[in-house]
Amino acid sequence: MPESMQKKTEVLVCVAILIRHGDRVLLNRRRNNRGAGSWAPIVGHMQYGETPEQCAIRETREETGVEIGNVKFRVITNDVFQAEHEHYITIWMESDYVSGKPHVNAPDEESDVQWFFWHSLPQPLFLSLQHVLDGQTYPSQTTHDKVGAAIENPQPLHYEQ
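Residues numbered from 1 in each chain as written. Predicted model: local features only at pLDDT ≥ 70, side-chain atom pairs only at ≥ 80, totals over all residues. Heavy atoms only, no water.

**Here's the deal with the environment of Arg74**
As for its position among the elements, Arg74 is in strand β5 (residues 67-81). Taking the C-alpha atoms as reference, Arg74 lies 9.5 Å from Gln141; in sequence the two are 67 residues apart. Setting aside its immediate chain neighbours within four residues, Arg74 contacts Trp92, Met93, Glu94 and Gln141. (Helix = DSSP H or I, 4+ residues; strand = E, 2+ residues; numbered from the N terminus. Contact = heavy atoms within 4.5 Å.)

**Thoughts on helix α1 (residues 52-64)**
Three or four residues apart is the spacing at which side chains of an α-helix point the same way, because the helix has 3.6 residues per turn. Helix length check: α1, at 13 residues, gives a terminal C-alpha distance of 18 Å against a target of 18 Å (1.5 Å per residue), a fit within 8%. For α1, the full list of buried residues reads Cys55, Ala56, Arg58, Glu59, Thr60, Glu63 and Thr64. Positive phi appears at Gly65, one or two residues downstream of α1, with a value of about 75 degrees. (Expected span 1.5 Å × (residues − 1). Buried < 20%, exposed > 50% of the residue type's maximum accessible area, 1.4 Å probe, protein only.)

**Observations concerning the nonpolar core**
By size, the foremost hydrophobic cluster in this structure holds 18 residues, and its most contacted members are Leu27, Trp92, Leu121 and Leu129. Put simply, the parts of the chain that give this core at least two residues each are β1 (11-21), β2 (24-30), β3 (39-40), β5, β6 (86-99) and α2 (127-133). Among the elements that make up this core, the one with the highest residue count is β1 (3 residues). Those residues in contact with Trp92 that sit more than four places away from it in its chain are Ala16, Leu18, Pro41, Lys72, Phe73, Arg74, Val75, Ile76, Thr77, Ser128, Leu129 and Val132. (Core = buried A, V, L, I, M, F, W, Y, C linked by side-chain atoms within 4.5 Å.)

**Some thoughts on the pattern of salt bridges**
Per the stated rule, a full pass over the model turns up 7 salt bridges. A salt bridge links Glu94 to Arg20; its shortest N-O distance comes to 2.8 Å. Of this pair, Glu94 sits in strand β6 while Arg20 sits in strand β1, placing them 74 residues apart in sequence. The buried category is assigned to Glu94, whose relative accessible area is 16%. Here Glu62 ties to Arg58 by a salt bridge, and the two come within 3.2 Å at their closest N and O atoms. On the criterion of helical spacing, the pair formed by Glu62 and Arg58 is a turn pair, its members being 4 residues apart in helix α1. (Salt bridge = Lys/Arg side-chain N within 4 Å of Asp/Glu carboxyl O.)

**Examining the packing of aromatic side chains**
For the coordinates displayed, the defined rule picks out 4 aromatic pairs. Between Phe81 and Tyr88, the aromatic rings sit 6.2 Å apart at their centres with planes inclined by 85 degrees, giving edge-to-face as the arrangement. As far as the burial class goes, Phe81 and Tyr88 line up, both buried. Through pairs of rings, three or more aromatic residues link up here, namely Phe81, Tyr88 and Phe126. The positively charged end of Arg34 is found above the aromatic ring belonging to Phe81, 5.5 Å away from the centroid. Directly above the ring of Tyr88 sits Arg34, whose terminal nitrogen or CZ lies 3.7 Å from the centroid. (Phe/Tyr/Trp six-rings, centres within 6.5 Å; stacked < 30°, edge-to-face > 60°. Lys NZ or Arg CZ within 6 Å of the ring centre and 35° of its normal.)

These results come straight from atomic positions and should not be treated as a statement about function.
Shown next as structure tokens:
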């Protein structure tokens, strides 16, 4: 069977970046890849030895010409793209806009780049972004238990005698 016809079974890791500029977020319309035609944040594959923060900065610069800062981890999503038979673990980072006019800098990957108000996002949305909006994240965005709560407020262990 030709390699192009074989089903992929590996799980890949990518980084998605929510870039904030006031009450707006930067999205691009995907092209020639998974989720083609949908609106997504900047998304890219990590390179060997790269941190998620470094990946976020590099991908944003490469795809849009925008500089970002204050890059922080947000959540993780588990994204299975059925039509493409691709499975990704997406590390979500958030950042602040620093400078640069957004433009399509990777026309083979995106067809448009625009700022959108968070309360009026365009359709259709990229699967990974829809998972974030639906709260399908790790840790859950709807949980009352926050990451680090066990470290910040340690509780004594109680053992049954």
